[in-house]
Structure formats: C-alpha cells, structure tokens
Amino acid sequence: MAERWLTLASLVCAWLRWWALCGFFVGIAVTLHTWRKERKREAVGDAAAALARANMAGLESAIGVLPSFLLFPDYEKVHWINQVMEKVWPLLAEVTSRTLPGYIQPLLDECCPSGISQMNLKAIQPGTKSPVLGGIKSTITQENEVIFDLDFKWGGNQRMILDVCEAKSRVRLSVSLERLLVFGYIRIMLTPLIAEWPLFARVQVSLLDEPSLDFSMSALGSTLTAIPGLEETLKKFIRQIIHDKMVWPKALVFPVKKGNFDTGPKYDGVVFVRLVRAVDLKHVGEDNIFRLPFNLMDPFVVLKVRDHRTVSTPVYKNERNPVFNLEAMFLVEDCQEQQLQVKIFDYNLFSDDELIGTITIPIRNLAPDIPSSLEENVIGEKYGTKYMCGQIVFEALYMPYKGKLTLDFPEGWGNFSQSSVLFVVVKQARGLAHRRRFAPSHPRAYVAYGTQLKATKACKNTTNPVWDEKLEFVGIDVTLFKSIRVEIYCMTRIGRKGPLLGWVEVALSSIQASGGHVTDIFKLNGTPKGEIHLTLTLAGVV
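Student: Explain the overall build of the chain to me, using residue names and the numbers behind them.
Tutor: Assigned secondary structure in the chain consists of seven helices and 25 strands. Out of the 542 residues in the chain, the part that is buried amounts to 39%. Across the chain, contacts joining residues at least 24 apart in sequence account for 64% of those joining residues at least 6 apart. Surface summary for the chain: the accessible area is close to 31,300 Å², and the carbon and sulfur share equals 57%.

So, in structure tokens, the structure goes:
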C-alpha cells in the first residue's frame with residue numbers, strides 16, 4: 001500500500017513539474033510578446049514625433065529607399081521587365097558566368113593592389129535571385145546613341161571566387177565573396193547606332209554615382225588571417241575599382257559588332273575657372289566673437305570636375321582672406337551630369353587637413369560662352385549642424401566644343417597661357433624586343449608631357465601589345481614644352497618598371513602643321529626593332 005502511494009506521489013510531482021515548466025515557457029512567451037508590442041508602439045510614437053519635427057532634408061533621407069518612379073516623375077514603372085528578368089534569369093546567369101570573367105580579369109590584372117602579386121578570377125555564380133528595377137528613364141541626346149538610366153537593386157546568393165597570391169611570402173588563398181547587396185543607378189548606352197542588326201555597335205555600362213555596396217567574405221580551405229590585412233585590402237580594392245572604372249563618365253565597354261568604332265570618352269567642352277579670393281574664412285563652428293588668437297587658419301583650395309584631375313592652390317599661412325588669382329582648365333564629358341567642385345581645406349602639419357566646406361556648381365547651370373562671376377558662401381557641417389565659414393569669389397566660363405576642337409574666347413578671357421588639350425590614343429605596338437631572359441614580357445606605355453605623366457595598362461606575356469587607350473593632357477603650352485615622349489617598359493610581376501623596350505618623341509609643331517590631328521606608326525628608338533601606332537589630336541584656341 002505504501003509503495004502505491006509513493007508511486008502516485010511521484011506521478012503527481014512529475015505532472016506538476018511538467019506544468020510548471022510549461023507555465024515558465026508560456027510566461028516567457030507572453031512577456032516577450034508584451035515587450036515587443038510595447039517597443040513597436042514606442043517606435044511608432046517616436047517615428048511620428050520625428051516626422052513632425054523633420055525638415056525637408058530629413059524627409060528626403062527617409063524616403064530614399066522608395067522606388068525611383070515614386071520619387072521622380074521622369075522614371076517609369078517597369079514591373080513587366082522585372083517579370084521577364086525573373087523568367088529568363090537562370091539562362092542569363094549561365095551566360096553571365098561564362099562571359100563576365102573575360103571582362104573582369106583584365107581589370108584585376110591592371111589594378112592589382114599593393115602587397116598582392118596576382119589575383120585570378122576562378123568563378124562567378126550570379127545566384128538564383130534576379131536584380132530588381134525600381135524604374136527606368138530614357139535620355140535623348142544629340143549624339144548617335146540611346147541612353148537608359150535604371151534604378152537597380154540586387155541582393156541574393158551570388159558568389160565570386162578569387163585566387164589571391166601574396167607578394168612577399170607567396171602564400172596563395174582562395175577567397176569567396178558572397179551575398180552581394182547593391183543599390184544604385186546604372187546607365188546603359190547603346191552606341192553608335194548603325195544600319196545593321198542589332199542596330200548598335202557596342203554597349204557601355206556605367207554607374208551614375210557610387211552605389212551602396214555590401215558583401216561578406218570567407219576563405220576556402222583556410223582562414224582570411226593567413227594573409228594579414230587581406231579582408232580590408234580586398235574590400236577597399238573592390239570599392240576603389242568600381243569608383244575608378246565604372247562611375248560615370250567611366251564605363252565598361254562590351255563590343256557587339258566588329259569595326260573601327262571609337263571607344264574613348266567624348267567631350268562636351270571645357271570649363272575655365274578663375275579663382276580670385278576668399279573672404280573671412282573660419283573653422284567649422286568657430287565664433288567670430290570668441291575667436292582665439294592662436295587658432296590660426298592655413299587655407300588652400302582644391303578644384304575638380306572629374307576625380308582623376310584636380311588643381312590645388314598653395315597653402316596660405318595664417319591668412320583668413322587669401323588672394324589666389326589661380327587659373328584652371330577642366331574637360332567636361334557630360335555637361336548635364338558633371339559639376340565643378342570647390343573644396344576649402346585648412347592645412348594641418350601633424351594630422352589630416354580639415355575640410356572647411358564644399359561649393360558645388362553644376363555645369364548645366366553655367367551659360368555657354370558667357371562668363372559667370374560667382375560669390376558663393378562656404379557652408380561647413382559638424383555633428384549635423386551647418387555653419388557659415390566665409391565666402392569664395394571666382395569666375396567660371398563653360399565653352400562647348402560645338403562639333404570641332406577649337407575654342408574662341410570672349411573678350412577678357414583670351415589670356416589663358418595654357419588653354420590647349422592634347423589627346424593621345426595609344427593603339428598598339430608590334431615587334432617589341434624581349435629583354436627579360438627568364439621571365440615573360442608585360443609591356444606598358446608611358447606618355448609624358450612636361451611634368452604630366454600618364455600610362456596605359458600592362459599587357460601580359462606579349463611582344464605585340466594592343467592597348468587602345470585614350471590619354472589626355474590638359475594645359476598644353478607649345479612655347480614651354482615642345483614635344484611629348486612615349487616610352488615602353490617591360491613591367492615586373494609586382495608592377496615595377498623593368499627594362500626599357502623603346503621610346504619615341506613627337507614634336508607638337510608637327511601636329512599643328514597637320515591641322516591638329518596625326519595618326520601614324522612611329523619606329524621606336526633605343527632598340528633594333530619595334531614600332532608603335534599613335535593617334536594625336538591637339539585641341540586649342542582659335
């Protein structure tokens with residue numbers, strides 16, 4: 001009898017423990033549900049309060065994730081294109097995985113980061129999720145081309161495998177870039193239009209601005225720590241190569257038809273800038289009433305229209321009202337999209353220079369062939385608050401080329417001493433000497449005018465390289481430097497100059513005598529054989 005009561009008591013205890021455990025978990029679930037409900041109510045209240053206090057800039061920032069057809073009236077809704085893209089994506093992904101490495105690998109060879117001797121693209125897997133277009137806009141221009149701007153969003157299970165070799169220790173590592181997330185605006189140009197199917201010769205793809213980009217990274221068969229600093233180096237390298245090679249007016253070119261079509265950049269015109277002076281410059285957040293005597297200002301100004309060319313003034317020590325009297329000239333590739341940037345810095349000897357403020361002038365706001373006198377306020381920002389930091393006085397003159405590479409200055413603007421532009425197209429070289437006995441030849445062409453030096457990419461393992469690159473030299477003064485020099489070097493595996501394979505000098509007077517345009521094959525000096533094909537165009541003032 002006692003055993004029966006003990007068995008019953010143990011069953012009751014087990015039953016109570018089970019219900020107590022169930023009650024514990026139910027209590028946790030109810031508590032979490034209540035907490036989440038309260039958090040949601042608080043979030044809605046905070047959002048409503050913030051919306052009531054928000055200014056126009058805050059509202060624009062808040063609605064930035066909406067599709068472009070809701071934000072801009074000139075973008076059209078393209079739901080049907082997304083449906084077609086989703087249907088054909090498996091086939092398109094297969095074609096992309098086969099053809100895209102041929103376009104990406106030359107970029108990796110040309111722009112390999114320091115510390116890494118080699119980067120090989122082993123595979124691209126676009127994934128199963130297709131990109132989504134938030135809107136599309138077509139642009140009509142005077143050129144023989146068709147332009148589409150796309151609001152582009154893509155996030156999925158993509159994968160890219162890179163084989164990386166470290167320069168010093170020769171450690172090899174396979175790195176996988178996965179789960180790409182990108183938001184941005186893409187420009188697709190079909191140019192030039194021709195009377196043959198498919199009616200255009202090539203496709204140019206570029207980004208209108210730097211995209212929002214994120215991805216994860218892992219190592220296959222090892223760890224990323226096998227090469228110290230590799231993860232940060234690759235992330236910085238990928239963002240830099242996108243900025244340098246794909247942000248408009250840069251573009252990736254995909255030929256569709258074979259033929260002699262110019263793939264170099266086209267120029268709408270030239271903008272001339274006279275930077276006169278600055279007035280009452282001060283640090284961001286500095287008060288005129290409580291200005292400290294030892295809080296000095298050493299300003300200098302940086303001008304640019306495109307990222308790869310900037311013009312800077314000297315540093316003016318302890319001067320809040322500097323007089324610059326600087327003249328600068330910039331090429332404009334797209335007068336509708338590009339803008340003149342004037343950045344004012346305070347020079348610091350032992351730390352990074354402090355950005356005082358930035359002035360932005362869209363080129364389309366400048367009247368063609370009419371000088372504009374501008375007095376712009378320098379607006380600085382610190383911790384989300386904007387401050388008035390002085391004024392910049394300058395003049396700007398935009399001159400379109402109007403179908404020919406000549407310029408006719410208005411009265412008072414004809415004294416620019418260096419107002420010509422030299423375009424050098426380095427097409428190819430043939431029969432180069434092989435100067436490295438036990439290593440392959442990687443020829444690269446360097447073009448020099450005065451203190452300006454530009455280079456082509458390096459063509460790997462060939463003595464007949466084909467570059468077909470267009471280089472520009474701004475500020476040509478034929479009375480100061482009378483020729484340009486082209487040198488061809490064999491590059492080493494880590495990107496340094498090796499033996500000289502030959503050189504040639506071309507007098508600018510010969511280009512002027514030929515009407516400003518020369519296309520010829522030049523025999524290389526300093527070598528028993530070899531020649532180079534160049535096209536030179538000198539654009540100047542009437």
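Student: Pulling in residues and values, what's your account of a nonpolar patch on the surface?
Tutor: On the surface, Leu21, Phe24, Phe25, Ile28, Leu32 and Trp35 cluster together into a nonpolar patch covering about 640 Å² of accessible area. Relative to the helices and strands, Ile28 resides in helix H1 (residues 2–53).

Student: Account for the nonpolar core, naming residues and giving values.
Tutor: Core analysis: the largest hydrophobic core is formed by 39 residues, its most contacted members being Val175 and Leu234. Not counting the four nearest positions on each side in its chain, Leu234 is found in contact with Ile116, Met119, Val164, Val175 and Met217. Core analysis: the second largest hydrophobic core is formed by 32 residues, Val273, Ala328, Phe330 and Val342 among them.

Student: Can you explain the pattern of salt bridges? Please cite residues and give values.
Tutor: Following the criterion strictly, the structure yields 12 salt bridges and no others. Its salt-bridge partner being Asp149, residue Arg187 comes within 2.8 Å of it at the nearest N-O pair. A residue pair is termed long-range when its members are at least 10 positions apart, and Arg187 in strand E5 (residues 172–193) and Asp149 in strand E3 (residues 146–155) qualify at 38 residues. Judged by relative accessible area, which is 0%, Asp149 ranks as buried. With a closest N to O distance of 3.5 Å, Arg274 and Glu327 form a salt bridge. With Arg274 in strand E9 (residues 269–279) and Glu327 in strand E12 (residues 323–332), the pair connects residues that are 53 residues apart, well separated along the chain. Judged by relative accessible area, Arg274 falls into the buried class, the value being 16%.

Student: Before we move on, can you summarise the sheet that holds E12 with the specific residues and values?
Tutor: Strand order in this open sheet of four strands is E12-E9-E16-E15, and the pairing throughout is antiparallel. Whereas interior strands pair on both sides, the edge strands pair on one side only; in this sheet they are E12 and strand E15 (372–382). Averaged over all pairs of adjacent strands, the angle between their axes in this sheet comes to 30°, without regard to strand direction. Of the strand pairs in this sheet, E9 and E12 are connected by eight bridges, and their pairing is antiparallel.

Student: Describe in detail the side chain of His283, supporting the description with residues and values.
Tutor: Here His283 shows up in the loop between E9 and strand E10 (299–306). Only 3.1 Å separates the side chain of His283 from the side chain of Glu354, close enough to count as a polar contact.

Student: Tell me what's going on with the environment of Leu230, and back it up with residues and numbers.
Tutor: Summarising the element assignment, Leu230 is placed in helix H6 (residues 230–245). The spacing of Leu230 and Val175 is 55 residues in sequence and 9.6 Å in space, taken between C-alpha atoms.

Student: How would you sum up the packing of aromatic side chains? Please name residues and give values.
Tutor: Counted by the stated rule, this structure contains six aromatic pairs. Geometrically, the ring pair formed by Phe152 and Trp154 is edge-to-face, given 6.4 Å between the ring centres and 75° between the ring planes. The exposure class assigned to Phe152 is buried, which follows from its relative accessible area of 16%. Centroid distance Phe300 to Phe345: 5.4 Å. Interplanar angle 15°. Geometry classified as stacked. Here Phe300, found in strand E10, pairs with Phe345, found in strand E13 (residues 339–346); they are 45 residues apart in sequence, far enough to count as distant. Its relative accessible area of 11% is what places Phe300 among the buried residues. Since its relative accessible area comes to 17%, Phe345 is described here as buried.

Student: So what's going on with the pairing of strand E21 (residues 466–476)? Which residues, and what values?
Tutor: For a regular strand, the rule is simple: side chains alternate between the two faces of the sheet. The buried fraction of E21 amounts to eight of the 11 residues, a majority that puts the element mostly inside the structure. Bridge count between strand E18 (residues 420–430) and E21: eight bridges; the pairing is antiparallel. For Val421, the partnering residue across the bridge sits in E21 and is Val474.

Student: How would you summarise the sheet that holds strand E19 (residues 443–449) if you had to cite specific residues and measurements?
Tutor: Reading across the sheet, the four strands line up as E20-E19-E22-E23 and stay open at both edges, with antiparallel pairing between neighbours. One side of each edge strand has no neighbouring strand; the edge strands of this open sheet are strand E20 (452–455) and strand E23 (497–507). Strand-to-strand twist in this sheet, taken as the mean axis angle between neighbours without regard to direction, amounts to 20°. Alignment of strand E22 (residues 483–491) against E23, held across eight bridges, turns out to be antiparallel.

Conventions adopted
Residues numbered from 1 in each chain as written. Predicted model: local features only at pLDDT ≥ 70, side-chain atom pairs only at ≥ 80, totals over all residues. Heavy atoms only, no water. Helix = DSSP H or I, 4+ residues; strand = E, 2+ residues; numbered from the N terminus. Buried < 20%, exposed > 50% of the residue type's maximum accessible area, 1.4 Å probe, protein only. Contact = heavy atoms within 4.5 Å. Areas by Shrake-Rupley, 256 points an atom, 1.4 Å probe, with all protein chains shown as cover. Patch = residues over 30% accessible without salt bridge, like charges linked within 9 Å, V, L, I, M, F, W, Y side chains within 5 Å. Salt bridge = Lys/Arg side-chain N within 4 Å of Asp/Glu carboxyl O. Core = buried A, V, L, I, M, F, W, Y, C linked by side-chain atoms within 4.5 Å. Pairing = 2+ DSSP bridges. Axes fitted to C-alpha atoms, helices over the stretch in contact; angles between N-to-C directions. Polar contact = N/O pair within 3.5 Å; in protein donor to acceptor, adjacent residues only side chain to side chain. Phe/Tyr/Trp six-rings, centres within 6.5 Å; stacked < 30°, edge-to-face > 60°.

Purely spatial values, then, with no claim about function.
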